[in-house]
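# Examining the three-dimensional arrangement
Below are the chains, spelled out letter by letter.
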Amino acid sequence: MNNFCNLVGGTGEDITSLQKTYPKLFSDTLGLCSKTKIQLSLKEPCRPVFRPRRPVSYAMLPVVDKELDRLERLHIISPVDYSEWAAPIVVVRKATGNVRICGDYSTGLNDRLQSHQYPLPLPQDIISKLSNCTVFSQIDLSDAFLQMEVDENSRHLLTINTHRGLYQYNRLPPGVKAAPGAFQQLIDTMLAGLPCTAGYLDDVVVGGKNADEHQRNLHAVLQRIEEFGFTIRPEKCSFGKQQIGYLGLLWDRHGVRPDPAKIEVIKNLPPPKDITGVRSFLGAINYYGKFVPNMRALRFPLDQLLKNTTTFVWTGECQQAFNKFKEILSSGLLLAHYDPRQEIIVSADASSIGIGATISHKYSNGHVKVIQHASRALTPVEQRYSQIDREGLAIIYAVKKFHKFIFGRRFRLQTDHAPLLRIFGSKKGIPTYTANRLQRWALTLLSYDFSIEYVSTDKFGNADVLSRLIDQHNRPEEDVIIACTTLEEDLRSVAIDSTKQLPLSFSMVEKATASDPILRKIFRFINDGWPKSRSEVKDREMLKFFDRQEALSVVQGGIMLGDRLVIPTVFRKRCLHQLHKGHPGIQRMKSIARSFVYWPGLDDEIVSFVKACRQCALAVRSPPKAEPESWRPTTAPWQRVHADYACPLDGEYYLLVIDAHTKWPEIFPTRQTT
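None of the values given here were measured: they were computed from a predicted structure.

A count of helical and extended segments in the protein gives 24 helices and 24 strands. Each of the 674 residues in the protein was classed as buried or not, and the buried ones make up 51%. Within the protein, contacts between residues separated by at least 24 positions form 71% of all contacts whose residues are at least 6 apart in sequence. Roughly 33300 Å² of accessible area belongs to the protein as shown, and the carbon and sulfur atoms make up 51% of that amount.

Our focus in this paragraph is helix α2 (residues 61-73). Across its 13 residues, α2 extends 18 Å between first and last C-alpha, which sits within 8% of the 18 Å expected from 1.5 Å per residue. Regarding α2, the residues found buried are Val64, Glu67, Leu68 and Leu71. The buried side chains of α2 occupy one side of the element, clustering within an arc of 100° when seen end-on. What points out from α2, more than 90 degrees from its buried face, is the exposed set Pro62, Lys66 and Arg73. Contact partners of the buried residues in α2: β1 (77-80), β2 (87-93), β3 (99-103), β5 (159-162) and β6 (165-169).

Let us now look at the environment of Ala398. Mapped onto the elements, Ala398 comes out in helix α12 (residues 387-401). For Ala398, a relative accessible area of 0% corresponds to the buried category. For the pair Ala398 and Ala357, spaced 41 residues apart in sequence, the C-alpha to C-alpha distance is 5.6 Å. Residues within four places of Ala398 in sequence aside, it is in contact with Val346, Ala348 and Ala357.

Turning to the packing of aromatic side chains, a few remarks are in order. Within the structure shown, the criterion is met by 15 aromatic pairs. Geometrically, the ring pair formed by Trp314 and Phe322 is edge-to-face, given 6.1 Å between the ring centres and 80° between the ring planes. For Trp314, a relative accessible area of 22% gives the class partly exposed. A residue is classified by how much of its surface remains accessible, and Phe322, at 0% relative accessible area, is buried. Each ring, one from Tyr385 and one from Trp441, has its centre 6.3 Å from the other, and the planes form 50°; the classification is tilted. Placement of Tyr385 in the loop between α11 (380-383) and α12 and of Trp441 in helix α15 (residues 436-445) is noted, with a sequence separation of 56 residues between them.

Let's shift gears to the sheet that holds strand β8 (residues 203-208). To summarise the sheet geometry, strands pair through backbone hydrogen bonds and adopt either a parallel or an antiparallel arrangement. What the four strands build is an open sheet, ordered β7-β8-β4-β9; its pairing is antiparallel. Only two strands of the sheet have a single partner each, and these edge strands are β7 (197-200) and β9 (238-241). Mean inter-strand twist for the sheet, computed between neighbouring axes without regard to direction, equals 15°. Where strand β4 (residues 135-140) lies against β9, two bridges are found, and the strand directions are antiparallel. Within β9, the position partnered with Gln138 by the bridge is Ser238.

For the structure shown, the criterion picks out two cavities of 30 Å³ or more. Roughly 60 Å³ of volume is contained in the largest cavity. Lining the largest cavity, in full, are Val49, Arg51, Trp85, Ala86, Ala87, Asp104, Tyr105, Thr107, Gly108, Leu109, Leu157 and Thr159. In terms of residue class, the lining of the largest cavity is built from seven nonpolar, three polar and two charged. Counted as a void, the second largest cavity has a volume near 40 Å³. Lining the second largest cavity are Arg100, Cys102, Gly103, Pro174, Gly175, Leu443, Leu446 and Ser447. Among the elements that line the lining of the second largest cavity, the one with the most residues is β3, at three residues. In terms of residue class, the lining of the second largest cavity is made up of four nonpolar, three polar and one charged.

Another point: the pairing of strand β13 (residues 343-350). In terms of burial, β13 is largely enclosed, as seven of its eight residues are buried. Where β13 meets strand β14 (residues 354-362), eight bridges bridge the pair, whose relative direction is antiparallel. Note that in β14 the partner of Ser347 across the bridge is Thr358. Taken together, β13 and the strand that follows it, β14, pair antiparallel across an intervening segment of three residues.

Another aspect to go through is the confidence of the model for the protein. For the protein, mean pLDDT is 81; residues scoring 70 or higher make up 86% of the total. Contacts from residues 1-13, a stretch scored under 50 in pLDDT, to residues over four places away or in other chains number 35 contacts. Contacts for the low-pLDDT stretch residues 646-652, under 50 throughout, to residues beyond four places or in other chains number six contacts.

What the rule picks out here adds up to 23 salt bridges. The shortest N-O distance in the salt bridge between Glu149 and Arg155 comes to 2.9 Å. Exposure class is identical for Glu149 and Arg155. Each is buried. Connected through shared salt-bridge partners, Lys37, Glu149, Glu152 and Arg155 make up one network.

A word on the side chain of Gln372. Within the fold, Gln372 resides in strand β15 (residues 368-377). The residues touching Gln372, leaving out its near neighbours within four places in the chain, are Ala261, Lys262, Ala357, Thr358, Ile359, Lys401, Phe402 and Phe405.

For any two helices packed against each other, the geometry comes down to the angle between their axes and how far apart the axes lie. Relative orientation of the contacting elements helix α8 (residues 275-289) and helix α9 (residues 299-307) amounts to 150°, with a least axis distance of 10 Å. With respect to the hand of their crossing, α8 and α9 are arranged in left-handed fashion. Of the residues in α9, those in contact with Ile275, Val278, Arg279, Phe281, Leu282, Ile285 and Asn286 of α8 are Arg299, Leu302, Asp303, Leu305 and Leu306. Looking at the contact of α8 with α9 residue by residue, the class counts come to eight nonpolar, one polar and three charged.

Our next topic: the side chain of Arg155. Note on placement: Arg155 falls in the loop between β4 and β5. Note on Arg155: relative accessible area 8%, which makes it buried. Of the polar contacts made by the side chain of Arg155, one reaches the side chain of Glu149; its length is 2.9 Å. Discounting residues that sit within four places of it in the chain, Arg155 has contacts with Lys37, Glu149, Val150, Gln168, Tyr169 and Asn170.

Core analysis: the biggest nonpolar cluster contains 116 residues, and Ile139, Ile225, Phe230, Ile406, Phe411 and Phe424 have the highest contact counts within it. Looking at which element gives the most residues to this core, the answer is α12, with eight residues. For Phe411, the residues in contact, after removing those within four places along its chain, are Ile344, Val346, Val399, Ile406, Tyr448, Asp449, Phe450 and Ser451.

What counts as what
- Residues numbered from 1 in each chain as written.
- Predicted model: local features only at pLDDT ≥ 70, side-chain atom pairs only at ≥ 80, totals over all residues.
- Heavy atoms only, no water.
- Helix = DSSP H or I, 4+ residues; strand = E, 2+ residues; numbered from the N terminus.
- Buried < 20%, exposed > 50% of the residue type's maximum accessible area, 1.4 Å probe, protein only.
- Contact = heavy atoms within 4.5 Å.
- Areas by Shrake-Rupley, 256 points an atom, 1.4 Å probe, with all protein chains shown as cover.
- Expected span 1.5 Å × (residues − 1).
- Arc of directions from axis to C-beta.
- Phe/Tyr/Trp six-rings, centres within 6.5 Å; stacked < 30°, edge-to-face > 60°.
- Pairing = 2+ DSSP bridges.
- Axes fitted to C-alpha atoms, helices over the stretch in contact; angles between N-to-C directions.
- 1 Å grid on protein atoms, 1.4 Å probe; cavity = no way out; pocket = protein on both sides within 12 Å on 5 of 7 lines; lining within 4 Å.
- Points joined across faces, edges and corners; volume = space filled by probe spheres on them.
- Nonpolar A, V, L, I, M, F, W, Y, C, P; charged D, E, K, R; others polar.
- pLDDT = per-residue confidence, 0-100.
- Salt bridge = Lys/Arg side-chain N within 4 Å of Asp/Glu carboxyl O.
- Left-handed = near helix turned anticlockwise from the far one by under 90°.
- Polar contact = N/O pair within 3.5 Å; in protein donor to acceptor, adjacent residues only side chain to side chain.
- Core = buried A, V, L, I, M, F, W, Y, C linked by side-chain atoms within 4.5 Å.

Next comes the structure, spelled out in C-alpha cells:
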C-alpha cells in the first residue's frame, strides 16, 4: 500500500489519507456485502448432477486439509451431510506450500443454471456517464465475487465434493455462469444516483470535470462502497489520472477516442526475415482476403520468394506489399469498435518465439473485423515450453489481455492446437491427470463463458502472423514476467517436494534424465511435438508415455507426470527400496508411490518387489488372532457396549461404557490398548 504515491484529484490527498478515512474499505480482510444475497435459478426441467470427488495424492492431503479448514474458518464454505448436487474440486500447489482450491462447475451445474438476465453495460453507457470529465480514478474490488453471500436456498447448488466429504459455498465462488449478471445488478444498485460514475463488474470508474468535482465524486463512491461492506484492492486502483484506457478507448480532457494501442502491434510489425515468416504472412493475407478481395493482389512478390529455396532476398516490391498490408489491417476496412451485441471471437496462436492474439466481431453478413491486435515475445523460460504449453499460454495471454471485453460475456475461443479442446473445453471438467501448467491455466478459464473450437493452421493467419513476426518492442510486461516466474517456482517446488521423500535430489534426476535413452526421447517429444499416431511409436515403454502425453511436462531438466516426478531407470530400484521402508504392503506402497513418482510399469514392479520380500510374505501368511465366528441374532437385548480410545491431549487411554438400561455413557481410565 505504501507504494502508492498518486495524488487524488491533484488536491494533495494521497492514498494514506484515504486509508485513514476509510479503514474498513482498505482492510486486508475479505469484505462481505451487507445489503443483499445472490440467488441462483435452475432451468426447468432439470436433473441434479453429482460428480465424484477427484483423487488427492497422499502428499497433498495435509495441505488440502489445511486450506479447507481455513475456508471453513472464514465461513466461505460449510460442511454438509447430503446434497443432490456436487462438483469436484481442482487443487493446485504453490511454491509457498499452500494450495488453491476451486470448484469445477463446468462439470454440470453451469449448463443447468439459468443466465441472470441482467445486461452488462455497453461502452456507450459508460461514455455517456463520463462525458466532459477531465480527471479519473479506477477502483478495483478485491476478490469481488467472494464478497457476495449466497442465499441459503441456493447454497446446495454450489456443493463441492472433497476427500473429506461435501462442503457448500456460503459466498459466491468464481466460475459460476450466473455470477457476472447478478454481480453487475448489485454494482448498478450500489452506484445508483452517483454522478460521473460507472461500474463494470468489479471495476468502478469515477470522473470529474475538474479536480474538486472529482474529489467530491470519489469520496461519495468510496462511502457508498464502504456502506455496502465491500473492500477494495489498492494495488489495482489508480487515483487522480488525467487519462485512462478502458474498453479499447481513451478517456481524457479531449473526450473519448480510440486507443492507439489497438493497432500499435500492426504498425510495429517487422517484415519477415525467413521463408517461415513469409509463409505466415501469406497465411494472414489469405485469411483477411476473405473480407477484402483486393488484398490477394499483395501475394505476387511474396510468392516469388517461395520459389527460390536457396537464398532469401527481401526486395523493395516485397516491402511495398508488406506496408500496404499493414495499412489495410489498421484501417476501417478491417478494424471495428467494440460492440458486445455482436458475436465475439478471440483467437490465439503461439510460435517458438512469440504469441499473438486478436479479438474480433463477426457480423450477421459473415464478415469478421478485428477490434484489437496483441502480441508479445516469449521469455527465455517460455521458449523452453513444449508446444502444447506455448499454445495454452497464448490462450491465457489472450483472455487476460482482452479481459474487460469478454468477462461476463459469451465468446468463441479459437486455437489451431486440437489437444487443447480436450483440456479447456471438456464438459466433464478439467481432466484429472493434466500437465501442471495446463491445469493451472484451465483453472483460470473456469471464470469465463466460452466455446472453444479448432481452426487448422492454414486458416489461422490472423493470429499466426502476430506470433511469428515479433519485434523487440513486443517484450512481455513486468507483471507477465513476474507471473511466469511465480508459475515456474511453483512447478519446481512441486518437483523438489517429490524428491524430499526419496534418497536422491532433483539435480540427480535431471542429470540421469539427460542420459536415459528413453527419457531423452520423451523430453524431445514434449518440447518439439509427439508422433501423430501410436503406430509410429515402436518401443513399449515409450508407448505408455505416448498415451499420457497431455499429463507430461518439462520442469527445467526433469519430466513431470502431473504432480509426479518421472524417475530415470538408474534410480528406480533405489526408489522402490525407499517406498518399501516399514513394509507397508502392496496397496499402501502403491498409494505412496502415486503421490510422488512415476515410471511405466511402476505398479507391477511394486507387486513383484513386495512378493519377493520375506517379511511381507510372513505377515501375509500369519494366521488370524482368533477364529472368525458368524453373528447369531438373538431376541435378548444388548446390555453394554465397550469402546476404548486415546485422548490426544494427555495420551492416556479411556474406556467408554454405555449401559443399555440407563443409556448414560461412563468413561473409565484404562491402560489397555485393545
